[in-house]
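Spelled out from the first residue to the last, the chains are:
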Amino acid sequence: MTPTLFSVSYAGLWGQKRLDVCAFIRKAAGLGYAAVELMGKRPHVSPVDTTAQELARIRETAKECRVEIATLAAYTDFTAPASPGTPSVEIQLAYVAALCRMAAELGAKVVRIFTGYLHDEEAHAREWAVCVDAVRECAVLAERHGVLLGVQNHHDLGVAAEAYLELLDDVGHPACKAMFDPW
């Protein structure tokens, strides 16, 4: 196991110090971390904002600092309420695909996702099926880019250990792996 520092801690989201990605990588190296996980959204590595030149600069900074970019972290919720006709799952799949491509360019081995939140107890079976199908599609996308998909146990359908294992079994894709949040 490699201790890995997550850039969300330096994104300024909760009033803490905000560092750009390269400054964060230098900070992680200074703290003795051999690896980092980069937040796959603003203000760090957003598919909307991050150019090929910026990815190259991030990769070069990590190389200079001898820090592995281990993971790119996606923020997904495949059961998020959406207006009828809005392709919510497809939009998130496109987001994950973009992060998989970016992860490959950065040399990261894993793209981390969340599943979905239970919004309606009566719709549990439907929401479960939506998550299983979406996670399986994400695993296919990850595999295409030569990275693994990490499903993190979070405050979602996979938060309980039994449900988490059942979800991963239902997905049943070799590129889909378990990731644990040690909170």
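Conventions used here
- Residues numbered from 1 in each chain as written.
- Predicted model: local features only at pLDDT ≥ 70, side-chain atom pairs only at ≥ 80, totals over all residues.
- Heavy atoms only, no water.
- Helix = DSSP H or I, 4+ residues; strand = E, 2+ residues; numbered from the N terminus.
- Rg over C-alpha atoms; globule rule 2.2 N^0.38 Å.
- Buried < 20%, exposed > 50% of the residue type's maximum accessible area, 1.4 Å probe, protein only.
- Areas by Shrake-Rupley, 256 points an atom, 1.4 Å probe, with all protein chains shown as cover.
- Lys, Arg positive; Asp, Glu negative; His and termini not counted.
- Charge placed at Lys NZ, Arg CZ, Asp CG, Glu CD.
- Axes fitted to C-alpha atoms, helices over the stretch in contact; angles between N-to-C directions.
- Parallel < 35°, antiparallel > 145°, perpendicular 65-115°, else oblique.
- Left-handed = near helix turned anticlockwise from the far one by under 90°.
- Contact = heavy atoms within 4.5 Å.
- Salt bridge = Lys/Arg side-chain N within 4 Å of Asp/Glu carboxyl O.
- Pairing = 2+ DSSP bridges.
- Arc of directions from axis to C-beta.
- Polar contact = N/O pair within 3.5 Å; in protein donor to acceptor, adjacent residues only side chain to side chain.
- Phe/Tyr/Trp six-rings, centres within 6.5 Å; stacked < 30°, edge-to-face > 60°.
- Lys NZ or Arg CZ within 6 Å of the ring centre and 35° of its normal.

A. Region of the structure containing the overall build of the protein. Scanning the protein for helices and strands turns up 5 helices and 6 strands. Starting at the N terminus, the α and β elements of the protein follow one another as β-α-β-α-β-α-β-α-β-α-β. By the compact-globule yardstick of 16 Å for 183 residues, the protein fits well, its C-alpha radius of gyration being 16 Å. Looking at the protein as a whole, 47% of its 183 residues qualify as buried. If you sum the accessible surface of the protein, you get close to 9400 Å²; carbon and sulfur atoms cover 54% of it. With 17 positive and 23 negative side-chain charges, the protein shows a spacing of 13 Å between the two charge centroids.

B. Local environment of the packing of helix α4 (residues 124-144) against helix α5 (residues 161-171). For the pair α4 and α5, interaxial distance at closest approach is 9 Å and the crossing angle is 55°. Taken together, the axes of α4 and α5 lie oblique to each other. Here the hand of the crossing between α4 and α5 comes out right-handed. In this structure, α4 contributes W128, C131, V132, V135 and R136 to the contact, and α5 contributes A163, E166, L167, D170 and V171.

C. View of the pattern of salt bridges. Tallying each qualifying case throughout the model produces 6 salt bridges. Among the ionic pairs, R101 bridges to E105, the shortest N-O distance being 2.9 Å. In this pair, R101 and E105 both sit in helix α3 (residues 88-106), 4 residues apart, roughly one turn of the helix. Its relative accessible area of 35% is what places R101 among the partly exposed residues. Using a relative accessible area of 32% as the deciding quantity, one classes E105 as partly exposed. When the shortest N-O distance is used, the salt bridge between R126 and E127 registers 4.0 Å.

D. Spatial organisation of the sheet that holds strand β4 (residues 110-113). In space, the 6 strands of this open sheet follow the order β1-β2-β3-β4-β5-β6, with parallel pairing throughout. Looking at which strands have only one partner, the edges of the open sheet turn out to be β1 (4-6) and β6 (176-179). Averaged over all pairs of adjacent strands, the angle between strand axes in this sheet comes to 30°, irrespective of strand direction. Pairing of β1 with strand β2 (residues 35-39), which is carried by 3 bridges, proceeds in the parallel orientation. Residue pairing in the sheet places L5 in a bridge with V36 of β2.

E. View of helix α1 (residues 21-30). By the burial criterion, the buried members of α1 are V21, C22, F24, I25 and A28. In an axial view of α1, the angular spread of the buried residues amounts to 160°, which keeps them on one side of the axis. Packed against the buried residues of α1 are β1, β2 and α2 (52-65). In this structure D20 caps α1, since a side-chain oxygen of it lies 3.1 Å from the backbone nitrogen of C22. Downstream of α1 by a residue or two, G32 has a phi angle that is positive, lying close to 90°.

F. How the structure looks around the packing of aromatic side chains. As enumerated under the stated definition, the model contains 3 aromatic pairs in all. Here Y10 and F24 contribute two aromatic rings whose centre-to-centre distance is 5.7 Å and whose plane-to-plane angle is 45°, an arrangement assigned as tilted. Here Y10 is found in the loop between β1 and α1, whereas its partner F24 is found in helix α1, with 14 residues between them in sequence. The pair Y10 / F24 is uniform in exposure class, with both members buried. Centre to centre, the rings of Y75 and F114 are 5.8 Å apart; their planes meet at 80°, and the pair counts as edge-to-face. Of this pair, Y75 sits in the loop between β3 (68-73) and α3 while F114 sits in the loop between β4 and α4, and the two are 39 residues apart along the sequence. The ring of Y75 carries the charged tip of R112 above its face, separated from the ring centre by 4.8 Å.

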